[in-house]
Amino acid sequence: TGEQVQKMLQGGCLMVLLDGLDEVGSEAAPRLLKDIRSFAKTYHRCRYVLTCRTSFAEQLGLEWVEASWLRLASFEWPQLRAFVYNWFKARPSAALEVEGWLQEQSKMREAASTPLVAALLCSIYSSRMNLPATEVDLYRSRFELLLSRWEAAKGLTQKSAVFGLPGPLDARLSKRYMPYLSRLAEHCQRARIASVGNEEAVALALDYYDSDYHKNSRLMVVDCVHRGLLVQERDERVGFGHRTYQEYMAAVELAEHHTPEQVAALLLEPY
């Protein structure tokens, strides 16, 4: 209960983990940080961990003088190699092949210095997809994987009924998802938010759902969540789960539907 949690906070029994201050956007972040500092001062016996992109904190000049600021270092080659071998612990030959590929691909080895990218690479290799040559290809492969390989991973057939839908996606249907996701991502980026309400996501899907397959735009959003393309949050909101995925899809929308001048006008926007 709330009363029990408050007693634990007062007694210093909890470690409070607050992930992704940058997710709330450049306008809300300073206000939220002020509230966090006030909360930490009230329950000063607890320990707190707050994470934020380094570049975001530097741009806004965010400070918390009572706290120790630490920068999370990127993987060095021995750590990245250990990550790959741990991932493929039961398949040492696969680990050896991914290691050799990373040694040859210096740009992707540099990109894989973050755990998110390293995990994506291992997932794509596990799915027998071609390993990407660039970081852009990596994120494209991630979305294609969730769209085209999802049913196969779940062992579903053409006759399977999935969440009220008539069956797996074909190539024609798959092409409806990427434009929707890129439009949703650009909408979030422009609004400086990391998620939208379910009803807003459903409204944005009106131009993209297939009336024969989805029946309505709500089922398209439901399908995106179950495929892992979107993440359902507790407060009846949906988002991309990680800011990087939202940024990639927003960039797809900008590249395909905006002029270079329109893109250039957004380059200095912190969010």
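The structure under discussion appears in the preceding block.
Residues numbered from 1 in each chain as written. Predicted model: local features only at pLDDT ≥ 70, side-chain atom pairs only at ≥ 80, totals over all residues. Heavy atoms only, no water.

Visitor: Describe the overall build of the chain, with residues and values.
Guide: Scanning the chain for helices and strands turns up 14 helices and five strands. Overall size of the chain, expressed as C-alpha extent along the three principal axes, is 55 × 50 × 45 Å. Residue pairs at least 24 apart in sequence account for 64% of intrachain contacts in the chain once pairs closer than 6 positions are excluded. When the accessible surface of the chain is summed, it comes to about 16100 Å², and 53% of that surface belongs to carbon and sulfur atoms. Once the 32 positive and 34 negative side-chain charges of the chain are each reduced to a mean point, those two points are 5 Å apart. (Helix = DSSP H or I, 4+ residues; strand = E, 2+ residues; numbered from the N terminus. Contact = heavy atoms within 4.5 Å. Areas by Shrake-Rupley, 256 points an atom, 1.4 Å probe, with all protein chains shown as cover. Lys, Arg positive; Asp, Glu negative; His and termini not counted. Charge placed at Lys NZ, Arg CZ, Asp CG, Glu CD.)

Visitor: Lay out the state of the cysteines with the relevant residues and their values.
Guide: Disulfide: a covalent bond connecting the sulfur atoms of a pair of cysteines. In the structure shown here, the tally under the stated rule is zero disulfides. Among the cysteines around C13, which has no disulfide bond, C46 carries the closest sulfur, lying 7.2 Å off. Classification of C13 by relative accessible area gives exposed; the value is 56%. Summary of cysteine pairing: C52 is not part of a disulfide, and the nearest cysteine sulfur, belonging to C188, is at 18 Å. Assessed through its relative accessible area of 25%, C52 is described here as partly exposed. (Disulfide = S-S within 2.5 Å. Buried < 20%, exposed > 50% of the residue type's maximum accessible area, 1.4 Å probe, protein only.)

Visitor: I'd like to hear about the nonpolar core, residue by residue, with values.
Guide: One finds Y180, L181 and F240 to be the most contacted residues of the largest nonpolar core, which totals 52 residues. Setting aside chain neighbours within four positions, we find L181 in contact with F143, C224, L229, L230, F240 and M249. By size, the runner-up hydrophobic cluster in this structure holds 14 residues, among which are L9, V16, Y48 and F56. (Core = buried A, V, L, I, M, F, W, Y, C linked by side-chain atoms within 4.5 Å.)

Visitor: Describe in detail helix 8 (residues 135–148), supporting the description with residues and values.
Guide: In this model, helix 8 (14 residues) spans 20 Å end to end at C-alpha, consistent with the 20 Å of a helix rising 1.5 Å per residue. Every buried residue of helix 8 is listed here: L138, Y139, S141, R142, F143, L145, L146 and L147. (Expected span 1.5 Å × (residues − 1).)

Visitor: Let's hear about the packing of aromatic side chains: which residues, and what values?
Guide: Between two aromatic rings, the relevant description is the distance of the centres plus the angle of the planes. Enumeration according to the criterion identifies 10 aromatic pairs in this entry. Aromatic side chains F88 and Y125 sit 5.6 Å apart centroid to centroid with 85 degrees between the ring planes, which places their arrangement in the edge-to-face category. Of this pair, F88 sits in the loop between helix 4 (77–87) and helix 5 (92–104) while Y125 sits in helix 7 (residues 115–126), and the two are 37 residues apart along the sequence. Judged by its relative accessible area of 14%, Y125 falls in the buried class. Ring geometry for Y139 versus Y245: centroids 6.3 Å apart, planes at 75 degrees, classification edge-to-face. One end of the pair, Y139, is in helix 8; the other, Y245, is in helix 13 (residues 243–257), with 106 residues separating them in the sequence. Accessibility expressed as a relative area gives 8% for Y245, which makes it buried. (Phe/Tyr/Trp six-rings, centres within 6.5 Å; stacked < 30°, edge-to-face > 60°.)

Visitor: Account for the packing of helix 10 (residues 171–191) against helix 12 (residues 217–227), naming residues and giving values.
Guide: Packed helices, taken two at a time, are described by the angle their axes make and the gap between the axes. Following both chains from N to C, one finds helix 10 and helix 12 inclined at 90 degrees, their axes separated by 12 Å at the closest point. As far as their axial angle goes, helix 12 and helix 10 are roughly perpendicular. Facing helix 10, whose interface residues are R176, Y177, Y180 and L181, helix 12 presents M220, V221, D223, C224 and R227. Each residue belonging to the contact of helix 10 with helix 12 can be placed in one class, and the counts come to six nonpolar, no polar and three charged. (Axes fitted to C-alpha atoms, helices over the stretch in contact; angles between N-to-C directions. Parallel < 35°, antiparallel > 145°, perpendicular 65-115°, else oblique. Nonpolar A, V, L, I, M, F, W, Y, C, P; charged D, E, K, R; others polar.)

Visitor: Please give an account of the sheet that holds strand 5 (residues 237–239) that cites residues and values.
Guide: Picture the strands of a sheet paired through backbone hydrogen bonds; they go either parallel or antiparallel. Strands sit in the order 3-5-4 across an open sheet of three strands; the sheet is antiparallel. Strands with a single pairing partner mark the edges of an open sheet, and in this sheet they are strand 3 (195–197) and strand 4 (231–232). (Pairing = 2+ DSSP bridges.)

Visitor: Go over the environment of L9 with me, naming the residues and quoting the values.
Guide: On the secondary structure map, L9 appears in helix 1 (residues 2–10). Considered as a pair, L9 and R237 are 228 residues apart in the sequence and their alpha carbons are 28 Å apart. Aside from chain neighbours lying at most four places away, what touches L9 is L14, V16, F39, Y43 and C46.

Visitor: Residue-level account of a nonpolar patch on the surface, with values.
Guide: On the surface, M15, L17 and V49 cluster together to form a nonpolar patch covering roughly 280 Å² of accessible area. Topologically, V49 is positioned in strand 2 (residues 47–50). (Patch = residues over 30% accessible without salt bridge, like charges linked within 9 Å, V, L, I, M, F, W, Y side chains within 5 Å. Salt bridge = Lys/Arg side-chain N within 4 Å of Asp/Glu carboxyl O.)

By themselves, these observations are geometric and do not establish any function.
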